[in-house]
Amino acid sequence: MSLKFTRELIGLSSFDVKSIESIEGGWVATLTPALQSYICPLCCKPSTTHARVKDRRLKHLWIPERGILFVQVPVIRQRCNDCCHTWSLSWPQIPQRGKVTSTFRQLVVNLCDQKTFALVSKETGVAESTLSTWFYDWAPTQLPHPEDHQAPDYVCLDEFALRKGHQYGVCLQDHETGHVWKTGMGKKREELQALLRSYPFSPPTAIVTDMAPGMAKTVKEVWSETAVVIDKFHVIQLLTQALDRARKHSMTYATQHLAIRQHKRLLMAPPATLKEEEREKLAHWFTHDWRLEELYQATQALRRVYHLPTYQQAKQAFQAWVNRYQFSPNSAVSKVVKTLIQWEEELLNYFHYKITNAKLEGTNNLIKTLKRRSYGTPCLEKMTVRIRLECQQPSK
Ligand SMILES: [Zn+2]
């Protein structure tokens, strides 16, 4: 490596490269200050070098598969010729303390953005705990600031597992951009209230959520003007889950008459996508299981409600759906109807705003990926930084 090339590679303009030598696991570049004279910071008069205390060796660059380039810089004390003030010279990128330059620290932090701490630690020889400290010192400075953005009209509220079955977090996400603005712990009333109160914008026009108990009421308590919309996929899921349970009770027929791969497909695929012979099979299945048919018909009927274009049409059709199924002798059907009656206002609000939680899918997948990369024990605060850093960024 030529010294000129090395100087550019090193990128520390306050220094000249005096020499470079290979060592075990990399190189050491010995640097000398480019300037010969320094001005007193107190009186602006010239100064002279008072002492050259020692040299410091700092990690500066990590070159993949090659090693680490260290820089060796002098510690120099200056004395003012006029006021006798003494001080240590300092240079950009060279912290007063520690064994790495800020270039090195940033380079390693950037690696942690896409890789696990364990892997980066193995590659660069920096301890995992140090990596974690560096990363979480830096990451919050990269997050978007609410002051730079417009308040979202619509927000989504959904939960995500921090530890499956044990700990759940919830997040408030801009419906349009998908950016997560706020996260909190759990869905208890007090927890949700705290989350909504700490939301960094004025309350949105509408919020879309799942059907957690007390959800609509809790939102109203904090955001009295905001309309609550229950997520259409969660609504349909109530029925498809019941349908799936009914299918499992209908296995005697299914195993005798149908191929295994058909069981689910016949029931779950949109009827329009089934072939004629499949529809016949389904019809025949239903002649042996009226409960299954009732659930199936109720599911398709509610799906049709969701396709209606206006609020008025949907309201009438939903009322007709309730009348048709609420006293069904099939308790699996009437149970779902009973639940949805309680959510009528929020269900029909969908037709005013047409918003769903679909945007959160991306975030939920991201969270799964982040958890797979496993950054130690899930901690909401750190997880939030990761989520906010990596989720869809808000538009200005
Ligand atoms: Zn001075």
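- Looking at an unreviewed UniProt entry, the protein carries the name ISL3 family transposase, with the source organism given as Halalkalibacter oceani.

### Quick notes on the coordination of the zinc ion
Piece 1. Coordination of the zinc ion by the protein comes from Cys 40 (SG), Cys 43 (SG), Cys 80 (SG) and Cys 83 (SG), over a distance range of 2.2 to 2.4 Å.
Piece 2. Around the zinc ion sit four donor atoms, and with donor-metal-donor angles ranging over 100 to 123 degrees the site reads as tetrahedral.
Piece 3. Each donor residue of the zinc ion belongs to the same chain, with the gaps between them written as C-x2-C-x36-C-x2-C. Taken together, the residues Cys 40 in the loop between β2 (26-33) and β3 (47-63) and Cys 80 in strand β4 (residues 67-80) connect sequence positions 40 residues apart.

### A look at helix α3 (residues 117-124)
Piece 1. Listed as buried for α3 are Phe 117, Val 120, Ser 121 and Thr 124. End-on, the buried residues of α3 take up no more than an arc of 105 degrees, which puts them together on one face.
Piece 2. Where α3 is buried, its residues contact β3, β4, α2 (102-112), α4 (128-138) and α16 (380-390).
Piece 3. The positive-phi residue at the C-terminal boundary of α3 is Gly 125, with phi of around 75 degrees.

### Regarding the packing of helix α7 (residues 232-249) against helix α9 (residues 260-268)
A pair of packed helices is characterised by two quantities: the angle between their axes and the separation of those axes.
Piece 1. Direction vectors running N to C along α7 and α9 enclose 145 degrees, while the axes themselves pass 11 Å from each other. Considering only the axes of α7 and α9, their crossing is right-handed. Here α7 contributes Thr 240, Leu 243, Asp 244 and Arg 247 to the contact with α9, which in turn contributes His 263, Lys 264, Leu 267 and Met 268.

About the cut-offs
- Residues numbered from 1 in each chain as written.
- Predicted model: local features only at pLDDT ≥ 70, side-chain atom pairs only at ≥ 80, totals over all residues.
- Heavy atoms only, no water.
- Donors = N, O, S within 2.8 Å, 3.2 Å for Na, K, Ca; no water.
- Tetrahedral: all angles 85-135°; square planar, octahedral: opposite > 155°, others 65-115°.
- Helix = DSSP H or I, 4+ residues; strand = E, 2+ residues; numbered from the N terminus.
- Buried < 20%, exposed > 50% of the residue type's maximum accessible area, 1.4 Å probe, protein only.
- Arc of directions from axis to C-beta.
- Contact = heavy atoms within 4.5 Å.
- Axes fitted to C-alpha atoms, helices over the stretch in contact; angles between N-to-C directions.
- Left-handed = near helix turned anticlockwise from the far one by under 90°.

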